Amino acid sequence: MPSNALLDWQNNRMRRLTEVDAQCGSTSSIVPLPDLADENLRGFVVLLSAHFQGFCRGFHSECIQAVAAGVPAPLRFVVQRQCLAAREIDKGNPRYDTLKADFERFGLDLNAALAANPANALRITHLDHLNSARNYVAHHKAATPSGGPLALADVRTWQSSCNEFAGEQDDIMYNHLRGLLGVAPW
Amino acid sequence: MLAQKTSEIKRGDHVKILHTAGVVGRVVALLGPLGPKGAQVYRVLIQRKPKPAYVEVLGDQLETVSSVP
């Protein structure tokens, strides 16, 4: 059973992103290519990064509450405070290093957990590309990270990888927390 | 400071966090059903020095209060 954060990603965030994708697709097929096509694509990049950050933050919060539910009531607040204190995903982009730092608070080795599926290496690379593109757009830098123009196909690939990575995170944390708590975390 | 348990906690409410040494704060966000069995999670801003802090708690840990001293 997926976490509520993953369900929200799949049923709400992905649906919204699909609508933005469709809008990008319609403007990028106009000849000559309007400036609006580039603006839409830039918006898609930032929204994808923002929605993935929102998922990661919500999912981390759900993990905190699952762990806190496993301790006596007087200690719940302590666990909740400590797991949230200086959480990187609250103020930083959803870079892999950020996710690793935050989720490893729960006592797992995220690199080792992700290495169980060889497909995750490419997903992490795509996450890195997304974050570089997000910074290019948000800071209106002069050149793209790749040196070439932003491409809708690339953003779609990054979205697909974010979606697959979200599912992997959910599986990994479910198994890890279930081992710790002795009950299903969600 | 009057306190009462409520199931209708809203953004902006002043709250006391139960099972703490009288920690009080203000609800700044309802994060959705991220707690056990879909329980609502609340983000609470706690005023403390040297800087304010946030905590995310469940509704059954909160009591609304008329104001935060």
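For the structure, see preceding data.
Keep in mind that what you see is a predicted model, and the values were worked out from it rather than measured.

Conventions used here
- Position numbers for residues start from 1 in each chain and track the written sequence from start to end.
- Each chain is given a letter, starting from A, and each ligand a number, starting from 1, according to the order in which they appear as written.
- Only residues with pLDDT of at least 70 get local features here, since the model is predicted, and only at 80 or more are side-chain atom pairs given and counted; chain-wide, interface and lining totals rely on the full set of residues.
- Side-chain metrics rest on all non-hydrogen atoms present in the structure, leaving aside hydrogens and water.
- Numbering of helices and strands runs from the N terminus, with a helix taken as a DSSP run of H or I at least four residues long and a strand as a DSSP run of E at least two residues long.
- By definition in these notes, contact holds between two residues if any of their heavy atoms fall within 4.5 Å.
- Accessible surface is computed with a 1.4 Å probe, and the buried area is the amount of it that two parts give up when combined, taken over both parts together.
- The term salt bridge refers to a pairing of a side-chain nitrogen on Lys or Arg with a carboxyl oxygen on Asp or Glu at a separation within 4 Å.
- Note on method: axes are straight lines fitted to C-alpha atoms, helices fitted across the in-contact stretch only, with angles between N-to-C directions ranging 0 to 180 degrees.
- For classification purposes, an angle smaller than 35 degrees is called roughly parallel, one larger than 145 roughly antiparallel, one from 65 to 115 roughly perpendicular, and anything else oblique.
- Crossings are sorted by hand: turned counterclockwise from the far helix by less than a right angle, the near helix makes the crossing left-handed, and turned clockwise it makes it right-handed.
- Put simply, Ala, Val, Leu, Ile, Met, Phe, Trp, Tyr, Cys and Pro go in the nonpolar bin, Asp, Glu, Lys and Arg in the charged bin, and everything else, Gly too, in the polar bin.
- The pocket and cavity definitions rest on a 1 Å grid over protein atoms only: a 1.4 Å probe that fits but cannot leave marks a cavity, an open set with protein on both sides within 12 Å along at least five of seven lines marks a pocket, and residues lining either have an atom within 4 Å of a point.
- Grid points are joined across faces, edges and corners, and a volume is the space filled by probe spheres set on the points.
- How far a helix is expected to stretch is found by multiplying one less than its residue total by 1.5 Å.
- Per-residue accessibility, obtained with a 1.4 Å probe over protein chains only, is compared with the maximum for each type, and a residue is labelled buried under 20%, exposed over 50%, and partly exposed between these values.
- What is meant by a nonpolar core is a set of buried Ala, Val, Leu, Ile, Met, Phe, Trp, Tyr and Cys residues, joined one to another through side-chain atoms within 4.5 Å.

(A) Broad picture of the overall build of chain A. Summing up its helical and strand segments, chain A has 7 helices and 0 strands in all. Its helices and strands taken in sequence order, chain A reads α-α-α-α-α-α-α from the N to the C terminus. When its C-alpha atoms are laid out on the principal axes, chain A stretches across 65 × 30 × 30 Å. Intrachain contacts of chain A at a sequence separation of at least 6 include 69% that bridge at least 24 residues.

(B) View of the interface of chain A and chain B. The partner chain B presents 22 residues to the 16 residues of chain A that form the contact. When the two sides are added together, the surface that chain A and chain B hide from each other amounts to roughly 1,500 Å², 56% of it contributed by carbon and sulfur. Broken down residue by residue, the surface that chain A buries against chain B is led by A:Gln65, A:Phe77 and A:Arg81, which jointly contribute 38%. At the boundary of chain A with chain B, the tally comes to 3 salt bridges.

(C) Region of the structure containing the packing of helix α4 (residues 96-103) of chain A against helix α7 (residues 152-181) of chain A. Residue and element names in this part refer to chain A. It is at 13 Å that the axes of α4 and α7 come closest, and there the two elements cross at 15°. Of the possible angle classes, the one that applies to α4 and α7 is roughly parallel. Note that α4 runs across α7; the crossing there is right-handed. Mapping the contact onto sequence places Tyr96, Leu99 and Phe103 in α4 and Phe165, Gln169 and Met173 in α7. Grouping the amino acids of the contact of α4 with α7 by side-chain chemistry returns 5 nonpolar, 1 polar and no charged.

(D) Quick look at the layout of surface pockets. What the largest pocket holds in volume is close to 370 Å³. As for the largest pocket, its lining consists of 15 residues, of which A:Leu84, A:Ala85, A:Ala86, B:Ala53 and B:Tyr54 are closest to the centre. Those elements that provide at least two residues to the lining of the largest pocket are α3 (73-84) of chain A together with β5 (53-58) of chain B. Among the residues making up the lining of the largest pocket, the classes are represented as 7 nonpolar, no polar and 8 charged. The volume enclosed by the second largest pocket comes to roughly 270 Å³. Lining the second largest pocket are 17 residues, with A:Arg13, A:Gly54, A:Gly58, B:Leu31 and B:Leu34 positioned closest to its centre. Counting only elements with at least two residues in the lining of the second largest pocket, the list comes to α1 (4-28) and α2 (35-68) of chain A together with β3 (24-32) of chain B. The biggest single contributor to the lining of the second largest pocket is α2(A), with 5 residues. In terms of residue class, the lining of the second largest pocket is made up of 5 nonpolar, 5 polar and 7 charged.

(E) Region of the structure containing α3(A). Its 12 residues give α3(A) an end-to-end C-alpha distance of 18 Å, which sits within 8% of 16 Å, the value for a rise of 1.5 Å per residue. Tucked inside the fold, the buried residues of α3(A) contact α2 of chain A together with β2 (14-17), β4 (41-46) and β5 of chain B. Two residues or fewer past α3(A), A:Ala86 is found with a positive phi of approximately 55°.

(F) Unusual backbone geometry, seen in detail. The omega angle of the peptide bond from A:Val31 to A:Pro32 is -5°, so this bond is cis rather than trans. As for its position among the elements, A:Pro32 is in the loop between α1 and α2. Here the residue pair B:Lys49 and B:Pro50 is connected by a cis peptide bond, since its omega of 5° sits within 30 degrees of zero. Secondary-structure assignment places B:Pro50 in the loop between β4 and β5.

(G) Spatial organisation of the environment of A:His129. With respect to the helices and strands, the residue A:His129 is situated in helix α6 (residues 120-138). Classification of A:His129 as partly exposed rests on a relative accessible area of 38%.

(H) Representation of the nonpolar core within the structure. Within the largest apolar cluster, 51 residues are counted, with the highest numbers of intra-cluster contacts made by A:Trp9, A:Phe52, A:Phe55, A:Phe106 and A:Met173. Contributions of two or more residues to this core are made by α1, α2, α3, α4, α5 (110-115), α6 and α7 of chain A. The contact partners of A:Met173, leaving out residues within four places of it in the chain, are A:Phe59, A:Cys63, A:Phe103, A:Phe106, A:Leu108, A:Arg178 and A:Trp186. The next biggest cluster of nonpolar side chains, apart from the first, holds 12 residues, and it includes B:Val15, B:Val27, B:Tyr42 and B:Val57.

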